[in-house]
Amino acid sequence: MNHALILPILLPLITGASLLLLYRLPFGVQRLAGLTSTLGLALLGAWALVTAGAGEYRLYHAGDWPAPYGIVLILDRLSALMLALTATLGLGCLLYASRGIDRRGAHFHALFQFQLAGLNGAFLTGDLFNLFVFFEILLIASYALLLHGGGRARSRAGLHYVIINLVGSALFLVALGTLYGLTGTLNMADLAIKVAAAPTGDAPLLAAANMVLLVVFGIKAAILPLLFWLPRAYSAASAPVAALFAIMTKVGVYAILRVFLLVFGLGEAPVNAAAWQWLWPLALATLALGGVGVLGSDSLRTLTAYLVIISVGTLLATLSLVTPATLAAALFYLIHSTGMAAAFFLLADLLGQQRDEGYDRFSVAAPVGHRGVLGSLFFLAAIAMVGLPPFGGFVSKAWILQASADEPRGLWLWGVLLTAALLTLIAVSRTGSSWFWRPGGAGEAEARPLDRGCLAIVCAMVAINGLLAALGEPVMAYLALTAEQLMTPQAYIAAMLPETLAFAQEVSP
């Protein structure tokens, strides 16, 4: 079973490569291959949660080369959580795409598998250079997925998306080169030891590398002022692609957690102190801008893109308080916000299919078919996204507010978070009222056939969010243990490099 750890990367890579080589296979076979692979990833995600739940680190040494010399994959509670979330989200998005959207361009299923491989690799790698490699895999796949189906809007959005991420990749290499030149390693555990023991003269360069990585991960996470590519890119992509992209910003959040708590978090004067100081105001500003953007959106897809920005701001503001309670609360919110953002992108497409004109734009007064069913679904999705009971958003926000109540900066988070929630409530209420309650806007007689498969997928995603609230206690317990694991990087280092355990304890803060 030790080899199972590399399967979340190998399975989609082999499937994607096979689909590229055998591109003349019947489309039904391609769909079956993609769905089978993604279902396998979901099973592996469940296995990872159970395995990591025991609290032990599981390692895979590629080629049996020991760390820090070889490529090492490492599974802990956080990476297991992200693997399971990615696989579950990917399965829902792929099922939705298989209702016909996957036929609008070439190689959709191969690209989708490469995207999943890049995401899984980023969550499992124990090496900063391989984190860069997996970032590039998922970004190259996302470039093509964004353009899938063609069109001027997607081409323009794709150009901006490619340019900003190429800049981020270049900066990532600069930071890696600096760190390698100073320490001679890029294994994260080994790097943590050597950064903590670095001579005083290296402190300015280490601080510079730390801040460059904050910019790089800030681009991936879409934090102010590095977020303006996101609304256009996400609103231009096809619905299942945009829904999968809901996990993309969380890769940046994951990288911030992993790198700044582990690599730069040891020693009497941790290098990450400046990063946390900058992250707090930028996260609050991102959260505030997301709230304003939601209120000023002209379509449901754009509104959802700004909801993603709100989720990023909320996550990073909560994480920057750097306590076990706030980390656990933020991880619960991460699960909720990722799933509901994906559901909203799919719901926007489902609603757009029922309008004669305007698709999901608010300014067009075209009626919505099947108003009763879709209106009820929109209402449930809206209250889940805003954070009202009985859904996971209420539990996550209540936990964030409780965890931050005793923090000196907690009052700021309370104010901005609740204001953004109010603006979101106003925006979704306005949308629901204009589409489903306006007199004469039903259009039931001319309603188009409703794709029941797509409807079932969106309903399932909203129901899962309700299940997240119902299972709040065991989920909270798992996330609390995850937060404790993140706050004790010495255990990660000891698992990766057992011979450094004594030194790791010496340099712990």
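Look a little higher up for the structure.
Residues numbered from 1 in each chain as written. Predicted model: local features only at pLDDT ≥ 70, side-chain atom pairs only at ≥ 80, totals over all residues. Heavy atoms only, no water.

Visitor: Just checking my understanding: could you explain the overall build of the protein chain for this structure?
Guide: On a plain count of helices and strands, the protein chain comes out with 21 helices and 2 strands. Relative to the 2.2 N^0.38 estimate, which gives 23 Å for 509 residues, the radius of gyration of the protein chain is 22 Å and therefore close to what a compact globule would have. For the protein chain, the spread of C-alpha atoms along the three principal axes comes to 75 × 55 × 40 Å. Expressed as a percentage of its 509 residues, the buried residues of the protein chain come to 60%. Long-range pairs, those at least 24 residues apart, make up 79% of the contacts in the protein chain with a sequence separation of at least 6. (Helix = DSSP H or I, 4+ residues; strand = E, 2+ residues; numbered from the N terminus. Rg over C-alpha atoms; globule rule 2.2 N^0.38 Å. Buried < 20%, exposed > 50% of the residue type's maximum accessible area, 1.4 Å probe, protein only. Contact = heavy atoms within 4.5 Å.)

Visitor: How do you make sense of the layout of surface pockets when you look at a structure like this?
Guide: To find leftover empty space, one rolls a probe the size of a water molecule over the atoms. One number sums up the size of the largest pocket: a volume of about 670 Å³. Broken down by secondary-structure element, the contributors of at least two residues to the lining of the largest pocket are helix H3 (77-97), helix H14 (324-352), helix H18 (452-470) and helix H19 (472-486). Looking at the lining of the largest pocket, the element that brings in the most residues is H3, giving 8 residues. Tallied by class, residues from the lining of the largest pocket come to 19 nonpolar, 5 polar and no charged. Quantified by volume, the second largest pocket comes out at close to 250 Å³. Along its surface, the second largest pocket is lined by 15 residues, and Phe378, Phe379, Ser429, Gly432 and Trp437 are the ones closest to its centre. Counting residues per element, the ones that place at least two in the lining of the second largest pocket are helix H15 (371-386) and helix H17 (410-437). (1 Å grid on protein atoms, 1.4 Å probe; cavity = no way out; pocket = protein on both sides within 12 Å on 5 of 7 lines; lining within 4 Å. Points joined across faces, edges and corners; volume = space filled by probe spheres on them. Nonpolar A, V, L, I, M, F, W, Y, C, P; charged D, E, K, R; others polar.)

Visitor: What am I meant to see in the side chain of Thr125 here?
Guide: Position of Thr125 among the secondary structure elements: in the loop between helix H4 (108-124) and helix H5 (128-146). A residue is classified by how much of its surface remains accessible, and Thr125, at 2% relative accessible area, is buried. A polar atom in the side chain of Thr125 sits 3.2 Å from the backbone nitrogen of Asp127. (Polar contact = N/O pair within 3.5 Å; in protein donor to acceptor, adjacent residues only side chain to side chain.)

Visitor: Please explain the pairing of strand S2 (residues 72-75) as it appears in this structure.
Guide: Looking along a regular strand, one sees side chains alternate from face to face of the sheet. With burial as the criterion, each face of S2 is covered, one bearing Val72 and Ile74 and the other bearing Leu73 and Leu75. Judged from the 4 bridges that link them, strand S1 (residues 58-61) and S2 form a sheet pairing that is antiparallel. By the bridge assignment, His61 is partnered in S2 with Val72. (Pairing = 2+ DSSP bridges.)

Visitor: Can you help me understand unusual backbone geometry in this one?
Guide: Glycine aside, residues mostly have negative phi angles, and peptide bonds mostly take the trans form. Each neighbour pair has its own omega, and for Leu224 with Pro225 the value is 5 degrees, a cis peptide bond. With respect to the secondary-structure elements, Pro225 resides in the loop between helix H8 (203-221) and helix H9 (230-236). Cis geometry is found at the peptide bond from Pro389 to Pro390, where omega equals 15 degrees. Positive phi, close to 70 degrees, is recorded for Ala222, a residue that is not glycine.

Visitor: What's the story with a nonpolar patch on the surface in this structure? I'm lost.
Guide: Residues Leu295, Leu388, Leu422, Leu425 and Ile426 make up a contiguous nonpolar surface patch of about 370 Å² in total accessible area. Residue placement: Ile426 occurs in helix H17. (Patch = residues over 30% accessible without salt bridge, like charges linked within 9 Å, V, L, I, M, F, W, Y side chains within 5 Å. Areas by Shrake-Rupley, 256 points an atom, 1.4 Å probe, with all protein chains shown as cover. Salt bridge = Lys/Arg side-chain N within 4 Å of Asp/Glu carboxyl O.)

Visitor: Before we go on, may I ask you to explain the pattern of salt bridges in this structure?
Guide: Any two side chains of opposite charge can pair, so long as their charged atoms come close to each other. Applying the stated rule across the entire model yields 5 salt bridges. Salt-bridge contacts for Asp76 lead to Arg258; the nearest nitrogen and oxygen are separated by 2.8 Å. Of this pair, Asp76 sits in the loop between S2 and H3 while Arg258 sits in helix H11 (residues 248-263), and the two are 182 residues apart along the sequence. Take Asp76: its relative accessible area is 3%, and that puts it in the buried class. For the salt bridge of Arg99 with Asp451, the shortest nitrogen-to-oxygen distance reads 3.0 Å. Here Arg99 is found in the loop between H3 and H4, whereas its partner Asp451 is found in the loop between H17 and H18, with 352 residues between them in sequence.

Visitor: Would you mind showing me how to read the environment of Tyr254 here?
Guide: Structurally, Tyr254 can be placed in helix H11. Of the residues examined, Tyr254 reaches a relative accessible area of 4% and is grouped as buried. Residue contacts for Tyr254: discarding those within four places in its chain leaves Leu78, Ser79, Met82, Ala122 and Phe123. Reaching out from Tyr254, the side chain makes a polar contact with the backbone oxygen of Phe123 at a distance of 2.7 Å.

Visitor: Explain H19 here, please?
Guide: Because each turn of an α-helix spans 3.6 residues, side chains separated by three or four positions end up pointing in the same direction. Taking 1.5 Å per residue, 15 residues should reach 21 Å; H19 reaches 21 Å between its end C-alpha atoms and fits that length. Buried within H19 we find Gly472, Val475, Tyr478, Leu479, Thr482, Ala483, Gln485 and Leu486. Angular distribution of buried residues about the axis of H19 spans 155 degrees; they occupy a single face of the element. Along H19, the residues that are exposed and aim more than 90 degrees away from the buried face are Glu473 and Pro474. (Expected span 1.5 Å × (residues − 1). Arc of directions from axis to C-beta.)

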